[in-house]
Each structure stands twice: as C-alpha cells, then as structure tokens.
Amino acid sequence: PADPGQKPSSIQGGWGIGIPKNIDPALRGAAWRALTWITNKRMNRYLVEKYQIDANRTSAFSDPELIKEFPYLADSREGIATARRSPNSSQRVTMGQQPAVKRVPGAKQPARR
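This write-up is about the structure you can find in this document. Just so it is clear, the model here is predicted, and its values are computed rather than measured.

Remarks on the overall build of the chain
- Of the regular secondary structure elements, the chain holds 7 helices and 2 strands.
- Looking at the 113 residues of the chain, the share that counts as buried comes to 13%.
- Partitioning the intrachain contacts of the chain with sequence separation of at least 6 by distance along the chain shows that 26% fall at a separation of at least 24.
- Total accessible area on the chain is roughly 9300 Å²; 55% of this is exposed by carbon and sulfur atoms.

Okay, here's the thing in structure tokens:
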C-alpha cells in the first residue's frame with residue numbers, strides 16, 4: 001500500500017548463494033551442479049509447495065497452479081516488480097537506530113513535541 005499520490009513499493013532483500021572465488025578448482029564443477037540443482041524450476045516449485053518457502057524464481061510467482069494454492073504469490077510478484085534493493089549492512093545499522101516510522105516507505109513522520 002501507499003499513501004495517496006505515492007507509488008507503492010517494497011524492499012528487496014533476502015539471502016544469496018554463490019561459489020567462493022577461492023574454491024578448490026577440483027570442487028568448482030560440483031559446486032556449480034549443486035547451485036543449479038537447488039535453484040532449478042522443479043526444485044523451487046517443490047519447495048514452495050512442500051514448505052511454502054519464498055519463491056526464488058519469477059516463474060513460481062506466475063504459475064497458475066501455485067497461485068491457486070498460494071494466492072499470496074500474485075501479490076508477491078507485484079511487490080517484486082516495484083522493489084528497491086535493501087540497503088547495505090552499514091545503512092541497516094543506521095536505520096535500526098531510527099524510530100520505526102522513518103523506516104516505513106510512505107509513512108508520515110510523527111509531530112515533534
């Protein structure tokens with residue numbers, strides 16, 4: 001939701017996976033196979049259906065069968081379309097020290113007394 005005259009948006013964040021730059025070259029192929037396995041469409045669909053995890057592929061947010069079972073996926077798809085990147089960790093510390101209302105996009109600031 002957004003205030004009148006404002007555009008709705010969400011903050012994009014989450015976890016990331018990757019292959020370390022300094023990985024043993026003998027393990028690089030296995031690491032790549034593991035990454036492609038845990039992020040493929042079939043596995044993502046299974047994880048959404050079985051454990052209701054957040055989808056990591058846009059195809060899951062548009063899958064009619066998944067949307068029928070988990071209607072929130074359509075709303076999530078819309079949120080992703082307007083998402084901004086999450087601030088880096090040093091900015092999060094600063095944000096954590098501010099009143100919560102300042103962290104909510106579109107929120108009105110409280111009147112000072």
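Let's talk about the pattern of salt bridges
- This model, assessed by the stated rule, comprises 3 salt bridges.
- Among the salt bridges present, the one from E49 reaches R45, with a minimum N-O distance of 3.5 Å. A residue pair is termed a helical-turn pair when its members lie 3 or 4 positions apart in one helix, as E49 and R45 do in helix α2 (residues 41–51) at 4 residues.
- Salt-bridge contacts for E65 lead to R45; the nearest nitrogen and oxygen are separated by 2.7 Å.

Description of the nonpolar core
- By size, the foremost hydrophobic cluster in this structure holds 7 residues: V48, A55, A60, F61, L66, F70 and L73.
- Apart from the residues within four sequence positions on either side, L66 is in contact with R45, V48, E49, A60 and L73.

Here's the deal with unusual backbone geometry
- At Q52, a residue that is not glycine, the phi angle is positive and equals roughly 55°.
- Locating Q52 in the fold gives a position in the loop between α2 and α3 (58–62).
- Given the relative accessible area of 48%, Q52 is considered partly exposed.

Description of the environment of F70
- Mapping F70 onto the fold places it in the loop between α4 (64–69) and α5 (72–81).
- Among the residues examined, F70 registers a relative accessible area of 5% and is labelled buried.
- Between the C-alpha atom of F70 and that of E49, which follows or precedes it by 21 residues, the distance is 8.5 Å.

Conventions adopted
Residues numbered from 1 in each chain as written. Predicted model: local features only at pLDDT ≥ 70, side-chain atom pairs only at ≥ 80, totals over all residues. Heavy atoms only, no water. Helix = DSSP H or I, 4+ residues; strand = E, 2+ residues; numbered from the N terminus. Buried < 20%, exposed > 50% of the residue type's maximum accessible area, 1.4 Å probe, protein only. Contact = heavy atoms within 4.5 Å. Areas by Shrake-Rupley, 256 points an atom, 1.4 Å probe, with all protein chains shown as cover. Salt bridge = Lys/Arg side-chain N within 4 Å of Asp/Glu carboxyl O. Core = buried A, V, L, I, M, F, W, Y, C linked by side-chain atoms within 4.5 Å.

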